[in-house]
Amino acid sequence: MIVISFALPEESKDLVRKIVGAGTSGPSALPVITGRLAGHDVAIVHSGMGMASATARLGPLLEGISPSLWIAAGFGGGLVPDLAVGDIVVVENFSDPALLAAVSGQPARRGSLITTRKVIETVEHKKDLGRHTGAVVVDMETAAIQRLCAPRGIPMLSVRAISDRAEQDLPVPAAIWFDAAKQRPRPVRLLLYLATHPGRIGPFARFVRGINLARARLTAFLLAVLPTLPEK
Amino acid sequence: MLAAWLLGACQKPKPAPSIDDLSAALQRSADQAIAAPSLVDAQIVVQPRTGQLAAQTAEIEHFFSEAGGTGLASVNAAGQTSILGSIPADNLDAFKALLRHEKAGLDLVYKPPTVLVEVLIDTPHPSPSPTP
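Residues numbered from 1 in each chain as written. Chains lettered and ligands numbered in written order. Predicted model: local features only at pLDDT ≥ 70, side-chain atom pairs only at ≥ 80, totals over all residues. Heavy atoms only, no water.

Student: Can you break down the interface of chain B and chain A residue by residue, with the values?
Tutor: With 21 residues of chain B at the contact, the number on the chain A side is 18 residues. Surface buried jointly by chain B and chain A totals about 1800 Å² across both partners, of which 56% is contributed by carbon and sulfur atoms. Of all residues in chain B, B:L72, B:V75 and B:A77 bury the most surface against chain A, accounting for 32% of the area lost on that side. Taken together, chain B and chain A are joined by zero salt bridges. Where chain B touches chain A, the interface holds four residue pairs in polar contact (both at pLDDT 80 or more). Among the elements of the structure, α3 (53-66), β2 (70-75), β3 (81-88), β4 (107-111) and β5 (114-121) of chain B are those that each provide at least two residues to the side of chain B that touches chain A. Looking at side-chain class alone, the side of chain B that touches chain A contains nine nonpolar, eight polar and four charged residues. One ladder, built from two bridges, connects strand β8 (residues 113-116) of chain A with β2(B); its direction is antiparallel. (Contact = heavy atoms within 4.5 Å. Buried area = accessible area lost by both parts, 1.4 Å probe. Salt bridge = Lys/Arg side-chain N within 4 Å of Asp/Glu carboxyl O. Polar contact = N/O pair within 3.5 Å; in protein donor to acceptor, adjacent residues only side chain to side chain. Helix = DSSP H or I, 4+ residues; strand = E, 2+ residues; numbered from the N terminus. Nonpolar A, V, L, I, M, F, W, Y, C, P; charged D, E, K, R; others polar. Pairing = 2+ DSSP bridges.)

Student: Report on unusual backbone geometry, specifying residues and quantitative values.
Tutor: Residues and elements named next belong to chain A. Residue A38 is not a glycine yet carries a positive backbone phi of 50°. The class for A38 is partly exposed, based on a relative accessible area of 36%. Even without glycine at this site, Q183 takes up a positive phi of about 55°. Locating Q183 in the fold gives a position in the loop between β11 (178-179) and β12 (184-185). (Buried < 20%, exposed > 50% of the residue type's maximum accessible area, 1.4 Å probe, protein only.)

Student: I'd like to hear about the nonpolar core, residue by residue, with values.
Tutor: Residues and elements named next belong to chain A. Grouped together as the largest cluster of nonpolar side chains are 31 residues, with contacts concentrated most on I4, F6, I71, L157, L218, L222 and L229. Broken down by secondary-structure element, the contributors of at least two residues to this core are β1 (2-6), β3 (32-37), β4 (40-46), β5 (69-78), β6 (88-91), α3 (97-102), β10 (156-164) and α8 (201-225). It is α8 that contributes the most residues to this core, seven residues altogether. In terms of nonpolar packing, the next biggest core, distinct from the first, is built from 27 residues, A43, L58, A72 and M156 among them. (Core = buried A, V, L, I, M, F, W, Y, C linked by side-chain atoms within 4.5 Å.)

Student: Report on the environment of A:P227, specifying residues and quantitative values.
Tutor: Residue and element names in this part refer to chain A. If you trace the backbone, P227 turns up in the segment after α8. The exposure class of P227 is exposed, given its relative accessible area of 53%. Here P227 is in contact with A38 and H40, once residues within four sequence places are set aside.

Student: Give a detailed account of the packing of helix α2 (residues 51-64) of chain A against helix α5 (residues 142-152) of chain A, specifying residues and quantitative values.
Tutor: All names here are of chain A. Where α2 meets α5, the closest approach of the two axes is 8 Å, and the angle between their N-to-C directions is 30°. As far as their axial angle goes, α5 and α2 are roughly parallel. For the element pair α2 and α5, the recorded crossing hand is right-handed. Contact with α2, carried on its side by M51, A54, T55, L58, G59, L62 and E63, involves A143, A144, I145, R147, L148 and R152 of α5 and no other residues of that element. Looking at the contact of α2 with α5 residue by residue, the classes come out as eight nonpolar, two polar and three charged. (Axes fitted to C-alpha atoms, helices over the stretch in contact; angles between N-to-C directions. Parallel < 35°, antiparallel > 145°, perpendicular 65-115°, else oblique. Left-handed = near helix turned anticlockwise from the far one by under 90°.)

Student: Before we move on, could you go through the pairing of β1(A) and cite the residues and values that matter?
Tutor: Residues and elements named next belong to chain A. With five of five residues buried, β1 lies mostly within the body of the structure. With burial as the criterion, each face of β1 is covered, one bearing I2, I4 and F6 and the other bearing V3 and S5. Direction of pairing for β1 relative to β5: parallel, over a ladder of four bridges. Within the sheet, the bridge partner assigned to S5 lies in β5 and is A72.

Here you go:
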């Protein structure tokens, strides 16, 4: 079985629609969906946002299953100016070399990733982080997933779709639109924020369009590489 | 070779630098950086308390907030945690407070008008066992 992890269902929902014979379990906010996809038995799992949630949520899952490989997928923030929204980054420093070779024929950027414990919201922070670490993309879960996979000998492929560019501030602070404790969006607070910050409405609309593009391209990439991936 | 070994064996171990030593070194680094802005590496590694990595990381991030800046913790593929933080350049006392607070080492970079600080947390075991 191949496990494909995402932080939130917003990132996985296009791929979930492609699953044949899908069965769902787990909490509605962070469900586990199993079935067949591109010739493989797959489980799409959701870690929630952040390392703590990923460890708490995915650790117990691994007590009951032994995946042959793990694809850590989702959105990421660009840390270098030449990455556009929707670009796919195959992460070299967190991926198994054999899996990297298996997906080498797919059009994607190669580069390093860094995992942070907070949402990186400003251009200044993105530039500092990119310059200091050499990473091209930032996320909030991959390092935690690696800590779960590595001791169990599960090969991992890390793939991120760029949801926001290095030269783009996030339009709404993460604490406004997302409840980290409950791992759920806060639609009412988001609407109140936009109502009181009308200048943010345009950037937010563009951000949402970018999310849709990132999800579509990530889904297409995963569907293209799944048939090429070797299972142990 | 034997002589070198004997010489080494007879040397007393270097005492750990005091907090005041570290603070003075940091002040000198900051003064130099302000005089001639460039990257200054003065890196000392923090040994986390067993099983307290996440809590200690959050604690250091919180410190940066209290000092009027921000701290961004990140984890690389080797499992190493570091905290890249910025505080106002004229708030060097906050640096000293950080040293006293964590007995930490700092990798200092000056970038007007803020000071970037990286606190490296040494994690010899990527998955520290939880405290009993």
